[in-house]
Amino acid sequence: MDSRTSNSVKNILSGVGIKLFLLILQFASKTLFVKYLDAYLGINSLLSSALSYLNITELGIGTAINFAMYKPIADNDTEKISQYIKYYKKIYHILGLITIALGVLIAFIMPYLFDINELSFGYREIYIIYVLYIVNACFGYFVFPARGGFLAACQKEYKLTVINFIGSIVSILLQLVTMMLCGKSFLSFVLYTAIPIIVSVIQRFWSGICIEKWYPQIKLKPSGGLSREEKKNLYKNTFGLAIEKICIIMNNSVDSIIISALIGITILGKYSLYYTIISLVGGFTSAMFSSLAPSIGNLNSVGNTTQKKSVFNELYCISVWVYGFCAISYCVIIQPFMVVWAGEDKLLNCVVPITIGLNFLLGGMTSAVTGFRNGCGLYYRGRYRPIVYTILNVIFSLSIGRFLSMQFGEAWGIVGIVSATIISRMAITWWFDAYIVFKDIFMENCKTYLMRYLLDFLAIVVAGTIVYVLCLCLSGLNPWIQILLMCIICVLLVNGLMWIILHRSPGFKSAKNRVYIVLTHIFRSK
């Protein structure tokens, strides 16, 4: 295996392997949260969404610097690497101070995002948790901010697997013990929130020391600084990334905020359970594709157009299969699963998880385009399109969500809000991102890809409908038996249907060979 493929495999295996195990632990943690702290479900989801805006201050400059370091790392240009790391630290310290100021500003807005009468506790408790979130958001800007970025640019993130693994396990296990010991008290909720922050602090120190030991050159003091042209390129890419990041954060959190403000924080708590499951699945699948970004950046530097297109087709086939299988399985299994996991009182109308599944599928199918756009540093191109997307999303969420909730009830209001995300994505970012990637990287028209995407999506919807209707015949059975039979049907039938959909697609054979290489690497390593 060549170096790029080898690093990709290592990053995928470390990323996916750790995600798979942590998914189980996170699910156990969430299960106990539902059992002991269900009164805090809504406010926990709202705070997580609202405080995600604190991450806006990073503005994507870390990603831009990582991209800029690909070439000096490949050339072993120690002086240039040191210059970037020095600049990285300076910018991140400034951003940390801005984050603190932004956190104070958001504190004044919080009371307008929910009805305090729906909660069994007051503002004092909410602001205690809020302060913990601010500490968590700011700490990374001041302690070893550049080390992780340097490792990512080296395609060596897998080296932190053990540290991340231990930190996550300790954090989740302490949360589990805390909830079992403290029960349903507010202290339990405070400790549940504080434990990951404390562990993250220790983990960051540990990681920083290890990276410094592996790569002592990062401690070298540069003799000069970045040139004006280099800073200009960084600012240019950062500007595009900043808009992108702000809009991604807004779009990821706007649904929960609007549900809380428009429909209620209690219904938000139920929605958060459905969203948690798809987020766990999404975290597992995205780990696979995000691990490939540095390798795509390397391919863009040394590969030709034919090689790039071949890898793109492989990634597209894999993403369609993986996200298609996960989306269909989620829509089919989630309702009986919710009954045994959280109880019938937490169920929402089946149209809610179906809409969530469709949104997950449409976003996941663009993983190949997103991977190439980020991996090849196309941050400045199309920099304004996320703004239009976000504005449309907010307008559609408020209008469609309010209309459907008033006409058909709370569940349909959620459907309207999530559907607004789907409509906005398809109207703006879906086709434009493809246009940028195909024009700038592959030097060809994207119409064939867009048509292929739509046909594959429709085929997956038809396949999902077949499986869903078939599984309706299992209604009335014990929920555990339902889940077992549905899992068997999904593994056998959904994968069979995905093969029918994709086996003639460009890149399918090479994708199959690529997966074989990964599996071979796994078994040989054993």
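Notes on the structure in this doc start here. (Residues numbered from 1 in each chain as written. Predicted model: local features only at pLDDT ≥ 70, side-chain atom pairs only at ≥ 80, totals over all residues. Heavy atoms only, no water.)

**Let's talk about the overall build of the protein**
In step 1: In terms of helices and strands, the protein carries 19 helices and 0 strands.
In step 2: Out of the 526 residues in the protein, the part that is buried amounts to 54%.
In step 3: Counting contacts in the protein only where the partners sit at least 6 residues apart, residues at least 24 apart contribute 85% of the total.
In step 4: Summing over all exposed atoms, the protein offers an accessible surface of approximately 23800 Å²; the carbon and sulfur share of this is 67%. (Helix = DSSP H or I, 4+ residues; strand = E, 2+ residues; numbered from the N terminus. Buried < 20%, exposed > 50% of the residue type's maximum accessible area, 1.4 Å probe, protein only. Contact = heavy atoms within 4.5 Å. Areas by Shrake-Rupley, 256 points an atom, 1.4 Å probe, with all protein chains shown as cover.)

**Remarks on the packing of helix α12 (residues 305–341) against helix α18 (residues 479–502)**
In step 1: Running from N to C, α12 and α18 cross one another at 165 degrees; their axes reach a closest spacing of 10 Å. It follows that α12 is roughly antiparallel to α18 by the angle criterion. Like other packed secondary-structure pairs, α12 and α18 cross with a definite hand, here right-handed. (Axes fitted to C-alpha atoms, helices over the stretch in contact; angles between N-to-C directions. Parallel < 35°, antiparallel > 145°, perpendicular 65-115°, else oblique. Left-handed = near helix turned anticlockwise from the far one by under 90°.)

**With respect to the nonpolar core**
In step 1: Ile43, Phe114, Phe372, Ile414 and Tyr449 are the most contacted members of the largest nonpolar core, which has 116 residues in total.
In step 2: No other element matches the 20 residues that α12 contributes to this core.
In step 3: Among the nonpolar cores identified, the runner-up in size contains 19 residues, and Ile85, Leu95, Phe150 and Leu151 belong to it. (Core = buried A, V, L, I, M, F, W, Y, C linked by side-chain atoms within 4.5 Å.)

**Some points on the packing of aromatic side chains**
In step 1: Summed over the entire model, instances satisfying the criterion amount to 24 aromatic pairs.
In step 2: Both rings, one in Phe312 and one in Phe442, keep their centres 5.2 Å apart while their planes meet at 65 degrees; by these two values the pair is edge-to-face. Taken as a pair, Phe312 in helix α12 and Phe442 in helix α16 (residues 410–442) lie far apart in primary sequence, 130 residues in all. Each of the two residues, Phe312 as well as Phe442, counts as buried.
In step 3: A ring pair is formed by Tyr316 and Tyr449, whose centres lie 5.7 Å apart and whose planes are at 75 degrees; its orientation type is edge-to-face. Taken together, the residues Tyr316 in helix α12 and Tyr449 in helix α17 (residues 447–472) connect sequence positions 133 residues apart. Like Tyr316, the residue Tyr449 is buried in the burial classification.
In step 4: Taken together, the ring pairs in this structure connect Phe312, Tyr316, Phe372, Trp430, Phe438, Phe442, Tyr449 and Tyr453 into an aromatic cluster.
In step 5: One cation-aromatic arrangement involves Lys30 over Phe33; the distance from NZ or CZ to the ring centre is 4.9 Å.
In step 6: Just above the ring of Phe442 sits the side chain of Lys309; from NZ or CZ to the centre is 5.8 Å. (Phe/Tyr/Trp six-rings, centres within 6.5 Å; stacked < 30°, edge-to-face > 60°. Lys NZ or Arg CZ within 6 Å of the ring centre and 35° of its normal.)

**Considerations on the pattern of salt bridges**
In step 1: This structure, assessed with the given rule, holds 3 salt bridges.
In step 2: The partner of Asp345 in a salt bridge is Lys346, with the nearest N and O atoms 3.1 Å apart. (Salt bridge = Lys/Arg side-chain N within 4 Å of Asp/Glu carboxyl O.)

**Notes on the environment of Ile100**
In step 1: Relative to the helices and strands, Ile100 is located in helix α4 (residues 78–109).
In step 2: Distance from Ile100 to Cys138, taken between C-alpha atoms, is 6.7 Å for residues 38 residues apart in sequence.

**Some details on the environment of Ala28**
In step 1: For Ala28, the location among the structural elements is in helix α1 (residues 3–36).
In step 2: For Ala28, a relative accessible area of 28% gives the class partly exposed.
In step 3: Sequence-wise, Ala28 and Leu176 are 148 residues apart; in three dimensions their C-alpha atoms are separated by 7.9 Å.

**What about a nonpolar patch on the surface?**
In step 1: A grouping of Leu97, Ile100, Val104, Leu105, Phe108, Ile109, Tyr112 and Phe142 is seen on the molecular surface, where their side chains present a nonpolar patch of about 870 Å² in accessible area.
In step 2: What makes Leu97 exposed here is its relative accessible area of 55%. (Patch = residues over 30% accessible without salt bridge, like charges linked within 9 Å, V, L, I, M, F, W, Y side chains within 5 Å.)

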